[in-house]
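Results of the structural survey
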Amino acid sequence: MSQESTVPGEVVETTEIPEPGAVTIVVPTFNESANVRQLLRQITEAVPARLPCEVVFVDDSTDDTPEVIEKAAQDCPFPVTVLHREEPVGGLGGAVVEGLKAATSDWIVVMDGDCQHPPALVPDLVATGERANAGLVVASRYIKGGSRAGLAGSYRVAVSRGATWLTKALFPRRLHGISDPMSGFFAIRRSAVTAEVLQPLGYKILLELAVRSRPRRVTEVPFVFQDRFAGESKSTAQEGLRFLRHLAGLRAASPVARMIGFGLIGLTGFVPNLLGLWALTAAGMHYVPAEILANQLGVAWNFVLIEHLLFRERRRHRRWWDRAGRFALLANADLVLRIPLIALFVHQLHLGVLSATALALVTTFVLRFAGTEALVYLPRRGREKPGRGSTAQQGEPCEQTS
């Protein structure tokens, strides 16, 4: 806010919005050939006159979307770039991360390619960020002036509201001040985000940004979610499952949360263990070998859940058979270690059998968790990730494959 003196001795406050800087519009696309021409037309009509811009499409399509963009870009008064990915790692969220890396402007606006996010709001997002000195500006459907009108059907409305409630309940501190963490329409300063720390899974990239790399100052502007211009929504049951896996991975990002999750998963492992023991003994097997074999069912159960819910982002550090073998070794060593520990606690600390057993369970659990992190999922340092990037002249998109 500036102050301007118009009369001697009198100071009048003004509320002029600073002139926004240039912006890179990042659009992740998957088979949106029927929409991208209309989207570029809307951007041309709404953005360049008020704000210099470039558009970066990060495309995972299996149709002719890149070719349609190339033809439509010839009529655009701003540079258009296409980064085509043969392998859509991380889904649409991963595509956005590639766009963030390729952006060259101070501000980056992320929006969908189906015309449900109005490009006319892009200059306002950037201007609001400049005025509030914010690092992130979220276009929200859930503040005054916003609307989710473009959501098709009561089912999608219910899913959207349920997902919003769940994420805000799981991350109350990181999502404080963000009413619409499921929004795919937002502006972020390039200096406020480190793309390398992001590990998206699916299409909810704002949630990933807010939890892993939240800027210190966040503000919101209302927007009306539009009807899809053409085609069908990419929201499916499979995407819903990926979203839940992503939530679990984000929530397990801290060591304490991972330890709690590790213990809860271990408790669920008793179910296949006991069922296997019952089936094997009912078939006539002696209880000792039956217990050993049944324990492997619990180990396998725990390994699968831990792989997908706790250490998804670290699986690339070792081959799956290496991880499985190390995990099984640690899990079975837990049984071998527990008996002498109980004896030690009883004879040396003079504990009762129940107390000694409980203390041994806690001790071996902590050791197994630490061993799993260090020996199974320890990140290997010094391994560089391949980068992507390309530039295109005005009206001449370039296509890059990975």
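The written sequence of each chain sets the order in which its residues are numbered from 1. Per-residue local features of the predicted model are confined to residues with pLDDT of at least 70, and side-chain atom pairs are confined, for both listing and counting, to 80 or more; whole-chain, interface and lining totals are unaffected and use all residues. Only hydrogens and water are removed before side-chain values are computed, so all heavy atoms of the structure are retained for them.

For every residue, the predictor assigns a confidence score, pLDDT, that lies between 0 and 100. Averaged over all residues, the pLDDT of the protein chain equals 77, while 78% of them reach at least 70. What counts as a helix is a DSSP run of H or I of at least four residues, what counts as a strand is a run of E of at least two, and both are numbered from the N terminus. Per-element averaging of pLDDT across the protein chain places strand β1 (residues 2–7) at the bottom with 36 and strand β6 (residues 107–110) at the top with 93. Contact definition: two residues touch when any of their heavy atoms are within 4.5 Å. Note on residues 1–20: pLDDT under 50 across the span, and 22 contacts to partners over four residues away in sequence or across chains. Below pLDDT 50 for its whole length, residues 382–402 participates in 52 contacts with residues either more than four positions away or in separate chains.

Summarising the element assignment, Val 55 is placed in strand β4 (residues 53–59). For every residue, the accessible area obtained with a 1.4 Å probe (protein chains only) is divided by the maximum for its type, and the residue is called buried under 20%, exposed over 50%, and partly exposed between those limits. According to the relative accessible area criterion, Val 55 is buried, its value standing at 0%. Considering only alpha carbons, one finds Val 55 and Val 110, 55 residues apart in sequence, at a separation of 10.0 Å. In contact with Val 55, not counting residues within four places along its chain, are Ile 25, Val 27, Leu 40, Ile 43, Phe 78, Pro 79, Val 80 and Thr 81.

With that settled, the discussion passes to helix α1 (residues 36–46). Inspection of α1 places Val 36, Gln 38, Leu 39, Leu 40, Ile 43 and Ala 46 among the buried residues, and these make up the whole buried set. Of the surrounding secondary structure, the elements contacted by the buried residues of α1 are β3 (23–29), β4, α2 (65–73), β5 (80–84) and α4 (122–132).

For β5, the tally of buried residues reaches five of five residues, placing the bulk of the element in the interior. Burial along β5 is two-sided: Val 80, Val 82 and His 84 and Thr 81 and Leu 83, pointing in opposite directions, are all buried. Two strands are said to pair when DSSP picks up at least two bridges between them. Pairing geometry for β4 and β5, over five bridges, is parallel. Residue Val 56 lies in a different strand from β5, and its bridge partner there is Thr 81. Each parallel crossover has a hand, and for β4 linked through α2 to β5 it is right-handed. We call a crossover right-handed when, viewed with both strands directed away from the observer, the connection leading from the first strand over the helix to the second proceeds clockwise.

Take the buried Ala, Val, Leu, Ile, Met, Phe, Trp, Tyr and Cys residues and link them wherever side-chain atoms come within 4.5 Å; each set so joined is a nonpolar core. If you look at the biggest cluster of nonpolar residues, it comprises 37 residues, and the most contacted ones within it are Leu 40, Val 55, Phe 57, Val 80, Val 122, Leu 125 and Phe 185. Those elements that place two or more of their residues in this core are β3, α1, β4, α2, β5, β6, α4 and β7 (136–140). Per-element tally for this core: the top contributor is α1, with five residues. Contact partners of Leu 125, with chain neighbours within four places excluded, come to Val 109, Val 137, Val 138, Ala 139, Phe 185, Phe 186, Ala 187 and Val 221.

Right, let's get into the packing of helix α10 (residues 287–309) against helix α11 (residues 320–348). Axis lines are fitted to C-alpha atoms, over the contacting stretch for helices. Their N-to-C directions set the angle, which ranges from 0 to 180 degrees. Two elements in contact, α10 and α11, have axes separated by 10 Å at closest approach and are oriented at 130°. In terms of axis orientation, α10 runs oblique to α11. Judged by the sense of rotation from one axis to the other, the crossing of α10 with α11 is right-handed. Counting all contacts with α10, which are made through Asn 295, Gln 296, Val 299, Asn 302, Phe 303, Ile 306 and Glu 307, the residues of α11 involved are Trp 320, Arg 323, Ala 324, Phe 327, Ala 328, Ala 331, Asn 332 and Leu 335. Residue polarity follows a fixed list, in which Ala, Val, Leu, Ile, Met, Phe, Trp, Tyr, Cys and Pro are nonpolar, Asp, Glu, Lys and Arg are charged, and the others, Gly among them, are polar. Grouping the constituent residues of the contact of α10 with α11 by class yields nine nonpolar, four polar and two charged. Reported orientations rely on four angle classes, namely roughly parallel under 35 degrees, roughly antiparallel over 145, roughly perpendicular from 65 to 115, and oblique for the rest. Two helices crossing with the near one rotated counterclockwise from the far one by less than a right angle form a left-handed crossing, whereas a clockwise rotation gives a right-handed crossing.

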